[in-house]
Amino acid sequence: MKAAFALLLLPMASLAGQAPPGTDIFVMPLSHRGAVFALGPAVNVTARPGYDNQPSFSPDGKSIYFTSQRGGQTDIYRYDLAAGAAIQVTRTAESEYSPTVMPDRKHFSVIRVEADSTQRLWEFGLDGTPVKPVLDSIKPVGYHTWLNADTVFVFVLGEPATLRRAELAHGTAQVMERNIGRSLAVVPGGRMVSYVQQDSDGGSVSLIDPVTGAGTSLGRLPEGAAFFAWLPGGDLLTATGNRLLRFDQGKRDWTEVARFSEPGLQQITRLAVSPAGDRLALVGSEPAPKAP
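As the structure is a computational prediction, the values presented were derived from the model and not from experiment.

A. Here's a closer look at the pairing of strand 6 (residues 63-69). In terms of burial, strand 6 is a largely internal element, seven of the seven residues being buried. With burial as the criterion, each face of strand 6 is covered, one bearing Ser63, Tyr65, Thr67 and Gln69 and the other bearing Ile64, Phe66 and Ser68. Looking at chain direction, strand 5 (residues 52-57) and strand 6 are connected through four bridges and run antiparallel. Each bridged residue has a counterpart across the sheet, and for Phe57 the counterpart in strand 6 is Ile64. Taken together, strand 5 and the strand that follows it, strand 6, pair antiparallel across an intervening segment of five residues, in which Gly61 is found at a positive phi of about 75 degrees. Between strand 6 and the antiparallel strand that follows it, strand 7 (residues 74-80), lie four residues; Gly71 among them carries a positive phi value of about 130 degrees.

B. Seen up close, the sheet that holds strand 8 (residues 85-88). Pairing within the open sheet is antiparallel, and its four strands lie in the order 5-6-7-8. Unpaired on one side and paired on the other, strand 5 and strand 8 mark the two borders of the sheet. Averaged over neighbouring strand pairs, the angle between their axes works out to 30 degrees when direction is ignored. In this sheet, strand 8 lies alongside strand 7 in antiparallel orientation, the contact comprising four bridges. Paired with Tyr79 across the two strands is Ala86, which belongs to strand 8.

Criteria and cut-off values
- Residues numbered from 1 in each chain as written.
- Predicted model: local features only at pLDDT ≥ 70, side-chain atom pairs only at ≥ 80, totals over all residues.
- Heavy atoms only, no water.
- Buried < 20%, exposed > 50% of the residue type's maximum accessible area, 1.4 Å probe, protein only.
- Helix = DSSP H or I, 4+ residues; strand = E, 2+ residues; numbered from the N terminus.
- Pairing = 2+ DSSP bridges.
- Axes fitted to C-alpha atoms, helices over the stretch in contact; angles between N-to-C directions.

Take a look at the structure:
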């Protein structure tokens, strides 16, 4: 790895009965001060054939929850960073995706593909016990991010896909934006929600006030990038190919902060940052072979 010192891929193909692409999750130490980044060695924490994706750090930063396909469906696993080992969390007949520890820290939420192929947001106990649908009537849900214990923002599939603000007490979900991408995240500080606004030229990272609905565009994503992640201090990261990039607020553009040479990190898709900002998780794969 060559570091420059200066973050739900829900596999739709698998829902159609096709195997999702093989991916692995890499974790590395991260330190940063302003525009100066330093990355430690990248460790492949899944290191097996098949699909391992959608890493999400626990609130204490000691574990990573992720989605893994080991057979005909996906389940949720948890990787203990200190022990260096993963354990299976859910064991169900359905497939679960996008594990996210909920604000109460006693449960995690997932996108669950039910027996009739309905995709809904579900609540599970930390031991993997299914509890209930979080939003009974809102479907099909593809991705989500928690604003607080009472409000969750969801990506609802459709033509176009919509960003909706769901209030748990009412079970309703108000459409906030249309034609959005797959990456959702609460901005550090909890006052704004970020998402990708898609257009004919790609997509832009946009911010929306969860109360008023007022929005603003932060900047375009680099070509080939679909996901982003926030550092605790407010820096924004994305990845394309084997490059990690930081959004430069002054230049309103992206600056490369690392380029990876490790096998498996030549095509980075997702990324996640630990709550303390001291670890970075990347989902990577090898590029598809070129046609002869």
